[in-house]
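An overview of the molecular structure
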Amino acid sequence: MLEVRNIRKAFGDLEVLKGVDLSVDTGEVVAILGPSGSGKTTLLRCINFLETADAGTMKFDEETFDLAHVSKRDAARLRKKTAFVFQNYNLFRNKTALQNVMEGLVIARGIPKAEAEQKAWAALEKVGLSDRADYYPSQLSGGQQQRVAIARAMATDPEIIYFDEPTSALDPELTGEVLSVMRQLAGEGMTMVVVTHEMGFARDVSNHVIFMEHGVVVEEGSSEEFFQHPKEERTRAFLRLFDEEE
């Protein structure tokens, strides 16, 4: 479904991505792990055209694109097939939960307001927030705001959802409600790429794990192989920290 090859990105003299490959199959949940500064978020932003890569190719739905020279039209067209969930929610503060979910449907996709409202209600119900439809972000907890953001992503019927550390801004007690929604999506076969520090989620929910450091992929494999039989010493050291936290 999605295949990225040799993606590179630098900010000035700092080379953040040094030739990263990524493959995602339909219905797969891919977890991208690694310490802070390893390039995980930059990778996600480049493949959704929030940043322009310096080099690399992307194959999406049998079309191939040069990531360094993709046209605005192609980028916009591809983005309509995807959704992005940010770590800090990115909700409109002056709009209700329902209006936040509707906004992209009406403005970006030209869906009639009545149809958009119906889709938004269904999405909020799916994340357990139909009773908060008329609440503004300031009236919602961080976990509820992130669930609204996930509802907004789901409402567009994307082929794939990118999650950029969706629980990193949340208190630990609110993290569970967001991960529960993501587990539900995974169980329904939603294709997802998740940059996360939630190792339990990566171990239990993802099909495939990529471990990055210093802008390169150190190790990747099935979740079972990655967690039970890591090949690289750097990976084993990283996982030991997780075991100690547990």
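The following refers to the structure shown.

Criteria and cut-off values
Residues numbered from 1 in each chain as written. Predicted model: local features only at pLDDT ≥ 70, side-chain atom pairs only at ≥ 80, totals over all residues. Heavy atoms only, no water. Helix = DSSP H or I, 4+ residues; strand = E, 2+ residues; numbered from the N terminus. Buried < 20%, exposed > 50% of the residue type's maximum accessible area, 1.4 Å probe, protein only. Polar contact = N/O pair within 3.5 Å; in protein donor to acceptor, adjacent residues only side chain to side chain. Contact = heavy atoms within 4.5 Å. Salt bridge = Lys/Arg side-chain N within 4 Å of Asp/Glu carboxyl O. Expected span 1.5 Å × (residues − 1). Pairing = 2+ DSSP bridges. Axes fitted to C-alpha atoms, helices over the stretch in contact; angles between N-to-C directions.

To continue, consider the side chain of His-208. Note on placement: His-208 falls in strand E9 (residues 208–213). Taking relative accessible area as the criterion, His-208 reaches 17% and is therefore assigned buried. Reaching out from His-208, the side chain makes a polar contact with the side chain of Glu-220 at a distance of 2.8 Å. Aside from chain neighbours lying at most four places away, what touches His-208 is Glu-28, Val-29, Val-30, Ala-31, Glu-220, Gly-221, Ser-222 and Ser-223.

This part covers the pattern of salt bridges. What the rule picks out here adds up to 16 salt bridges. Of the charged contacts, one joins Glu-51 and Arg-45 as a salt bridge, the two residues approaching to 3.5 Å between their closest N and O atoms. On the basis of relative accessibility, which here comes to 25%, the residue Arg-45 falls in the partly exposed class. Between Arg-203 and Asp-204 there is a salt bridge; the shortest N-O distance is 3.0 Å. Accessibility expressed as a relative area gives 34% for Arg-203, which makes it partly exposed.

Now for helix H5 (residues 142–155). Over its 14 residues, H5 extends 20 Å from the first C-alpha to the last, a length consistent with the 20 Å expected when each residue adds 1.5 Å. Most of H5 is tucked away, with 14 of its 14 residues classed as buried. Asp-157, located one to two residues past H5, shows a positive phi value of around 55°.

Turning our attention to the sheet that holds strand E5 (residues 63–66). Here 4 strands make up an open sheet; going across it, the order is E2-E1-E4-E5 and the pairing antiparallel. Only two strands of the sheet have a single partner each, and these edge strands are strand E2 (14–24) and E5. Across the sheet, the axes of successive neighbouring strands diverge by a mean angle of 20°, strand direction being ignored. With 8 bridges joining them, strand E1 (residues 2–11) and E2 adopt antiparallel strand pairing. By the bridge assignment for E2, Lys-9 is matched with Leu-17. Here helix H1 (residues 40–47) sits on the sheet in contact with E1, E2 and strand E4 (55–60), set at roughly 115° to E1.

The analysis is restricted to geometry; functional conclusions fall outside its scope.
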